[in-house]
Amino acid sequence: PFISRKEGLTEAMVQGSADGWRNCFMTGYEQEPGGPGRMLRGILNHCCMDARNWTDGLRRSYSAIFAALAQNSELVQPMRAVYEELYEYVRNDGLPDHVAEVVMAAIDGMWFYWVMRLRPVDQDALDRLRCALHGIVSLALEKPEAFSCDLITAPAAAAGATDA
């Protein structure tokens, strides 16, 4: 299929953003000692450590993802591939009951706030996020039973219960 010059530029920008994200999380992963939670610790300790690395230039490059979605969702494929790679690590990170996915969702949420300028993301915000998420990862490793989805009562089952 024909790819316009604009789509080609957008695709190249998305590819650059995807490569940058892969480089960030893999550098963090390689810097962390092995064991459960390695990928998450790497992201928290490398990618979410210093707000000075979250630059306006980086924000602009990540904004290409939204431009790609508006033009042609297929142009986002390089970032999808990187997220598939990342989530393969996340799923196999040795943490119980989707804890790693929840932690990644919080990191992605902070990133979204920052890229979209929905709220300030400064060093204090990153420090609070990192502290809370490290606490969750530590607790999940120490007390995995605390994260069992079996402990959650479905709303429909709870609605049928009565206090007699």
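A brief structural summary. What you see is a predicted model, and the numbers here were worked out from it, not measured in a lab.

Moving on: the environment of K6. Within the fold, K6 resides in helix α1 (residues 5-31). Taking relative accessible area as the criterion, K6 reaches 59% and is therefore assigned exposed. Through-space distance from the C-alpha of K6 to that of Q71 is 9.2 Å; in sequence the pair is 65 residues apart.

Applying the stated criterion across every chain, the model contains eight aromatic pairs. On the numbers, 5.1 Å between centres and 65° between planes, the contact of W54 with W114 is edge-to-face. One end of the pair, W54, is in the loop between α2 (38-47) and α3 (56-71); the other, W114, is in helix α5 (residues 99-115), with 60 residues separating them in the sequence. On the basis of relative accessibility, which here comes to 14%, the residue W54 falls in the buried class. Judged by centre distance (6.1 Å) and plane angle (25°), the ring pair of Y83 and Y87 falls under stacked. With Y83 and Y87 both in helix α4 (residues 77-91) and four residues apart, the pair spans about one turn of that helix. The partly exposed category is assigned to Y83, whose relative accessible area is 24%. Cluster of aromatic residues (ring-pair linked, three or more members): W21, F25, Y83 and Y87. In this structure, R38 packs its charged tip against the face of Y29, placed 4.0 Å from the ring centre.

Quick look at the state of the cysteines now. For the structure shown, the criterion picks out one disulfide. Here C24 pairs with C47 through a disulfide, and the sulfurs are 2.2 Å apart. A residue pair is termed long-range when its members are at least 10 positions apart, and C24 in helix α1 and C47 in helix α2 qualify at 23 residues. Like C47, C24 is buried. Here C48 is not disulfide-linked; the sulfur of C47 is the nearest cysteine sulfur, at 6.2 Å.

The phi angle at R117 is positive, at roughly 55°, despite the residue not being glycine. Checked against the element boundaries, R117 lands in the loop between α5 and α6 (123-142).

Another aspect to go through is the packing of α3 against α5. Following both chains from N to C, one finds α3 and α5 inclined at 100°, their axes separated by 10 Å at the closest point. Considering the angle they form, α3 stands roughly perpendicular to α5. Where α3 abuts α5, its residues L58, R59, Y62, S63, I65 and F66 lie against W111, F112, W114 and V115.

With that settled, consider the packing of α1 against α4. Where α1 meets α4, the closest approach of the two axes is 8 Å, and the angle between their N-to-C directions is 15°. On the basis of the axis angle, α1 is roughly parallel to α4. Classified by chirality, the crossing of α4 by α1 is left-handed. Seen from α1, the contacting residues are V14, Q15, S17, A18, W21, R22, F25, M26 and Y29; seen from α4, they are P78, M79, V82, Y83, E85, L86 and Y89. Its residues assigned to classes, the contact of α1 with α4 comprises 12 nonpolar, two polar and two charged.

Scoring rules and cut-offs
- Once a new chain begins, its residue numbering starts again from 1 and follows that chain's sequence as written.
- Totals for whole chains, interfaces and linings use every residue, but because this is a predicted model, local features are given only for residues with pLDDT of at least 70 and side-chain atom pairs only at 80 or more, for both listing and counting.
- To get the side-chain values, take all heavy atoms of the structure and skip hydrogens and water.
- Each helix is a run of DSSP H or I of at least 4 residues and each strand a run of E of at least 2, with the numbering of both proceeding from the N terminus.
- A 1.4 Å probe rolled over the protein chains alone gives each residue an accessible area, and that area as a share of the maximum for its type sets the label: buried under 20%, exposed over 50%, partly exposed in between.
- Centre distance within 6.5 Å is the pairing criterion for rings of Phe, Tyr and Trp, where only the six-membered ring of Trp is used; planes under 30 degrees apart are then read as stacked, over 60 as edge-to-face, and the remainder as tilted.
- The rule is short: NZ of Lys or CZ of Arg within 6 Å of the ring centre and within 35 degrees of the ring normal puts a charge over the ring.
- Disulfide assignment relies on a single distance test, namely cysteine sulfur atoms paired within 2.5 Å.
- Angles shown run from 0 to 180 degrees and are taken between the N-to-C directions of axes, each axis being a line fitted to C-alpha atoms and, for helices, limited to the stretch in contact.
- Just so you know how the angles are binned, under 35 degrees is roughly parallel, over 145 roughly antiparallel, 65 to 115 roughly perpendicular, and the rest oblique.
- Residue contacts are counted whenever heavy atoms from the two residues lie within 4.5 Å of one another.
- By convention the crossing between two helices is left-handed if the near helix lies anticlockwise of the far one by an angle smaller than a right angle, and right-handed if it lies clockwise.
- Under the grouping applied here, Gly and all other residues not named as nonpolar or charged are polar, the nonpolar ones being Ala, Val, Leu, Ile, Met, Phe, Trp, Tyr, Cys and Pro and the charged ones Asp, Glu, Lys and Arg.

By themselves, these observations are geometric and do not establish any function.
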